[in-house]
Amino acid sequence: MVKETEIKLRASRATLAALREHPLLKKRNKSGWQRGELFNQYYDTPDRELAGAKVALRLRRDGEQFIQTLKSRGQSVAGLSERNEWDWYLSKAKLDLKKLDDSCWPASLAELDKKTLQPLFTTDFVREKAEIAWGRGKAKVVIEAALDLGKVIAGEGEEEICELELELRQGEPAALLELACELAAELPLMPCDISKAERGYRLFDAGSYNLSLPAPELQGEMSLDDAFAALAWHLLGASQRLAEQYRWNGHWSLLQQWLEQLIDLRALLASLGQAAPRASSRELREALDALLDDWRPRLAAGQHDDSMRRNAPALFAAELDGCRWGLLSLKLSHWLLQRSWTAERNNRGNRQGNAALGNWLPTLLNEEGTALQLRRYQQQPEDLAEQMPRLERLLVWLRLARGVLEVPEVDRLYGELNKLYGLAQQELDDEQRQLRATQTQIVNSLKAWKALVK
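Analysis parameters
Residues numbered from 1 in each chain as written. Predicted model: local features only at pLDDT ≥ 70, side-chain atom pairs only at ≥ 80, totals over all residues. Heavy atoms only, no water. Helix = DSSP H or I, 4+ residues; strand = E, 2+ residues; numbered from the N terminus. Polar contact = N/O pair within 3.5 Å; in protein donor to acceptor, adjacent residues only side chain to side chain. Pairing = 2+ DSSP bridges. Phe/Tyr/Trp six-rings, centres within 6.5 Å; stacked < 30°, edge-to-face > 60°. Buried < 20%, exposed > 50% of the residue type's maximum accessible area, 1.4 Å probe, protein only. Lys NZ or Arg CZ within 6 Å of the ring centre and 35° of its normal. UniProt positions renumbered as here; feature names shortened; annotations may be inferred. Salt bridge = Lys/Arg side-chain N within 4 Å of Asp/Glu carboxyl O.

### Some words on the environment of arginine 399
Topologically, arginine 399 is positioned in helix α14 (residues 388–401). C-alpha separation for the pair arginine 399 and valine 410, spaced eleven residues apart in sequence, amounts to 10.0 Å. Among the polar contacts made by the side chain of arginine 399, one reaches the side chain of aspartate 264 at a distance of 2.3 Å.

### Remarks on the pairing of strand β7 (residues 118–133)
As paired elements, strand β2 (residues 34–44) and β7 share eleven bridges and run antiparallel to each other. What sits directly across from glutamate 37, in β7, is valine 126. For β7 and strand β8 (residues 142–154), the ladder comprises twelve bridges, and the chain directions are antiparallel. Note that in β8 the partner of aspartate 124 across the bridge is lysine 151.

### Here's the deal with the packing of aromatic side chains
The final tally for this structure, using the stated rule, is eleven aromatic pairs. Pairing tyrosine 246 with phenylalanine 316 gives two aromatic rings, centres 5.2 Å apart and planes at 85°, and the pair type is edge-to-face. Of this pair, tyrosine 246 sits in helix α6 (residues 224–249) while phenylalanine 316 sits in helix α9 (residues 306–321), and the two are 70 residues apart along the sequence. There is no split in this pair, since tyrosine 246 and phenylalanine 316 are both buried. An angle of 45° between the planes, with centres 5.3 Å apart, marks the rings of tryptophan 335 and tryptophan 341 as tilted. By the ring-pair criterion, three or more aromatic residues cluster together here, those being Tyr246, Trp258, Trp295, Phe316 and Trp325. Positioned above the aromatic ring of tryptophan 248 is the side chain of arginine 202, whose terminal nitrogen or guanidinium carbon lies 4.1 Å from the ring centre. Taking NZ or CZ as reference, arginine 298 lies 4.6 Å from the ring centre of tryptophan 295, over its face.

### Focus on the UniProt feature "coiled-coil region" (unreviewed entry) in the protein
Mapped onto this numbering, the UniProt entry gives "coiled-coil region" (unreviewed entry) at residues 414–441. Between the C-alpha atoms that bound residues 414–441 there is a distance of 15 Å. The span itself is 82% helix and 0% strand.

### A closer look at the pattern of salt bridges
A full pass over the atoms with the stated rule returns 43 salt bridges. With a closest N to O distance of 2.7 Å, arginine 324 and glutamate 319 form a salt bridge. Residue glutamate 319 is classed as buried on the basis of its relative accessible area of 8%. The salt bridge involving arginine 393 is made with glutamate 368; its shortest N-O contact spans 2.6 Å. Residue arginine 393 is found in helix α14, and its partner glutamate 368 is found in helix α12 (residues 357–372); the two are separated by 25 residues along the sequence. You'll find arginine 393 and glutamate 368 in the same group, each marked buried. Residues participating in the shared-partner salt-bridge network are Glu4, Glu6, Lys8, Lys71, Arg83, Glu85, Arg127, Asp148, Glu163, Glu165, Lys196 and Arg199.

This is the structure we're talking about:
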């Protein structure tokens, strides 16, 4: 068994061609590009029990060599994945079920009859790979770069494989993201949190691709730094999966949810005060603002304009044809992995970052809630839109961390505050003005609100 650490980046054929000749890879290529054809058959039970256990089983033919591989799901965010992998070299193209013993087989599948395993789909592609030396000071880093071009085929369905994989052979995982950022600054490379196996299952059953990632389980005693990192990774991972699925099927609701994850990320970055000095996140906030400035109006227009909804997939494809989205995702991943917000903060910032979430969060909500001045907007509801950033900061923490708050009816508070946020985004007329004033009064009267802003 080995631990596989890699990052997967969706590309176009033109980008793959450009990568072969990229000066950075040329300079650090220690092996030259080696070309081979890989034929892969994936197996599962008729009820897809392996997929349910988050493992993948394949039989690969690489030249004259047959390799049986079992992979665990492991952790995967923004295309960067760590998972356990078991390889067995076989003499013929037939599964060796005896290899699938307790040393690798998931305990949850202990009662599975392995004889029910059957071929489900194939992923056949040409791979060009090279060994890249990527120095990080005195630390030696070796990365295998692989350019994959081929197809996933499941029954009558098929999807193109066109991607760059960067696999860590020696060194720290941050090196993968550093190399990926360098390449994505010039070429459109989208971090892709979906494996070739997941694409096969998605072709086999369109509903099998799981869009919802489990929200992190936050505890009141965990540090603010740990809670922030968990929430940011969660939002970034969710945005990646939504982007991938929207690219694939063009469903409008997925684009809405993608934008919501980015709004939450932006609000989260702005909420930490001295625990995350503004200088540490300036580049990320500016990149998020540029993305939101383009996509908020499009989503708002699409609420009433069918033509915008029809045009949105082409606009999103154009977004992915540029470098902006992929590069932002990679830079944010690297920033989170390195915990860069902690690097140059002062002593007060360190105290805040190390504070228990259960103590810090009520203080944040009190400060933001008091500054919201709800009584003012009962009288001046037409000005409520100016408070959208503050509402977003309140909502992201109430949505994802309200379980650590010891206040009454906090779920109702989140729901009513979210209604107020929705009204703040609507065009104002006499009816909307009255609705805003009424909803402001409702929030202001809630037990949870009074407890938080007392």
